[in-house]
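Report on the structure
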Amino acid sequence: MVEPVRFGLVGYGFGGRYFHAPLLAAAAECDLVAVVTSSTERRELIGREHPGVAAVGSLAELAAAGVEAVAISTPAGTHSALTDEALDLGLAVVCDKPFALDAAAARASVERAERLGLPLAPYQNRRWDSDFRTVRALAEAGTLGTITRFESRFERFTPEPGPAPSGGGTLLDFGSHLVDQALVLLGPVTSVYAEWRVRESGLDDDVFVALTHAGGARSHLAGSWSEGAPGNRFRVTGTAGSYVVGGPMDGQEDALIAGESPATLGPDWGAEPESRWGRVRRGDHEDRVPTLPGAWDTFYPAFAAAVRGQGLVPVDPRDAVASLTVLDAARRSATEGVVVRLQP
């Protein structure tokens with residue numbers, strides 16, 4: 001067996017605690033060594049939830065402890081500085097979304113990693129959501145014909161407190177996943193139109209983004225923390241039919257919050273009940289489509305293999321530059337009320 005990659009985790013808030021630590025701990029290819037946090041309460045949580053994992057105060061302490069790679073799960077405004085600091089310490093980096101606050105900062109970090117010869121990847125775990133894996137499989141099989149429109153929603157009803165400041169607003173928070181999935185499915189974008197509502201907190205919410213892709217298809221993306229009647233997770237329309245799947249969203253998040261992990265559920269990890277399956281519709285005719293299992297547990301083993309020189313990172317960091325270029329255009333569109341043209 002290849003020696004596990006020694007990992008450090010930066011941050012133990014909601015994302016670090018539920019989206020990173022359990023998946024790192026469950027991956028045989030990874031050894032979670034230490035977590036950076038200054039919070040006494042979070043240090044106590046780490047001790048209870050991950051016995052033997054140290055709590056330290058800085059990236060430099062992680063490097064001194066022999067860590068080879070880090071996962072960064074901190075407030076959005078700190079991502080670029082921490083990514084660059086980790087790279088300068090010689091560490092491979094996984095950075096949570098939003099990878100950076102804008103495309104220029106993302107591009108600078110990507111070029112830094114390339115100069116230093118270090119693996120770098122955005123944590124786009126939603127590429128391995130059960131329902132999005134099913135959408136991709138249907139598209140690749142040609143079941144829907146040529147896709148003409150992709151409708152995707154991240155909608156929740158938690159108006160108080162609404163979007164957290166740590167996420168940078170709904171466009172950057174939910175939009176990072178929505179746009180990434182649209183680009184993965186349909187490719188580069190030539191025009192962007194967006195709307196949003198700026199809340200009393202100063203953060204944007206109730207975001208709508210319309211993309212025109214170079215191939216002619218269109219994406220309609222919506223993100224909200226205050227939608228009392230969340231819509232379908234996906235409606236994907238093609239020349240031969242449409243695929244529709246409702247909510248709730250992929251169950252991996254709920255499983256992790258409940259204390260489950262790939263280590264505890266084994267082969268049942270990511271499985272969705274039949275009640276969550278979507279359907280392919282052609283007018284009055286519809287077929288139920290089994291939802292593929294979610295596979296967030298494949299990200300860290302793939303990244304560890306890249307650290308060992310045995311494969312590519314699971315998400316190309318330049319994909320984050322592409323997504324943030326679209327998000328930058330969406331911000332301008334929502335602010336100025338214009339359609340923004342992009343070079344594909």
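Here's what I pulled together on the structure shown here. (Residues numbered from 1 in each chain as written. Predicted model: local features only at pLDDT ≥ 70, side-chain atom pairs only at ≥ 80, totals over all residues. Heavy atoms only, no water.)

**Re the overall build of the chain**
If you tally the helices and strands in the chain, you get eleven helices and 15 strands. The C-alpha atoms of the chain give a radius of gyration of 20 Å, which matches the 20 Å a tight globule of 344 residues would have. In terms of overall dimensions, the chain has C-alpha extents of about 60 × 45 × 40 Å along its principal axes. Within the chain, contacts between residues separated by at least 24 positions form 71% of all contacts whose residues are at least 6 apart in sequence. Counting only carbon and sulfur atoms, one obtains 52% of the accessible surface of the chain, whose full area is about 14500 Å². Of the side chains in the chain, 31 bear a positive and 44 a negative charge, and the two mean positions are spaced by 4 Å. (Helix = DSSP H or I, 4+ residues; strand = E, 2+ residues; numbered from the N terminus. Rg over C-alpha atoms; globule rule 2.2 N^0.38 Å. Contact = heavy atoms within 4.5 Å. Areas by Shrake-Rupley, 256 points an atom, 1.4 Å probe, with all protein chains shown as cover. Lys, Arg positive; Asp, Glu negative; His and termini not counted. Charge placed at Lys NZ, Arg CZ, Asp CG, Glu CD.)

**Topic: the environment of alanine 26**
When you line up the elements, alanine 26 lands in helix α1 (residues 14-26). Linking alanine 26 and aspartate 173, residues 147 residues apart in sequence, is a C-alpha distance of 26 Å. Once residues lying within four places of it in the same chain are set aside, the contact partners of alanine 26 are Ser261, Pro262 and Ala263.

**Focus: the pairing of strand β11 (residues 234-238)**
The buried count for β11 comes to four of five residues, which makes it a mostly enclosed element. Of the strand pairs in this sheet, strand β7 (residues 147-155) and β11 are connected by five bridges, and their pairing is antiparallel. Note on β11: the bridge partner recorded for phenylalanine 150 is valine 236. When β11 meets strand β12 (residues 241-245), the two strands line up antiparallel, connected through five bridges. From the neighbouring strand, arginine 235 faces β12, where its bridge partner is valine 244. Here β11 folds back onto β12 in antiparallel fashion, the turn holding two residues. (Buried < 20%, exposed > 50% of the residue type's maximum accessible area, 1.4 Å probe, protein only. Pairing = 2+ DSSP bridges.)

**As for the sheet that holds strand β10 (residues 218-224)**
In spatial order, the strands read β14-β13-β12-β11-β7-β10-β9-β8-β15; together these nine strands make up an open sheet with mixed pairing. Every other strand in the sheet has two partners, leaving β14 (285-289) and β15 (340-341) as the edge strands with one partner each. In the sheet, strand β9 (residues 204-213) pairs with β10 via six bridges, with the strands oriented antiparallel. Following the sheet pairing, phenylalanine 208 is matched in β10 by alanine 222. Set on the sheet, helix α11 (residues 317-336) makes contact with β8 (189-198), β9 and β15; between it and β8 the angle comes to about 55°. (Axes fitted to C-alpha atoms, helices over the stretch in contact; angles between N-to-C directions.)

Honestly, that's just the spatial picture; any functional story needs more than this.
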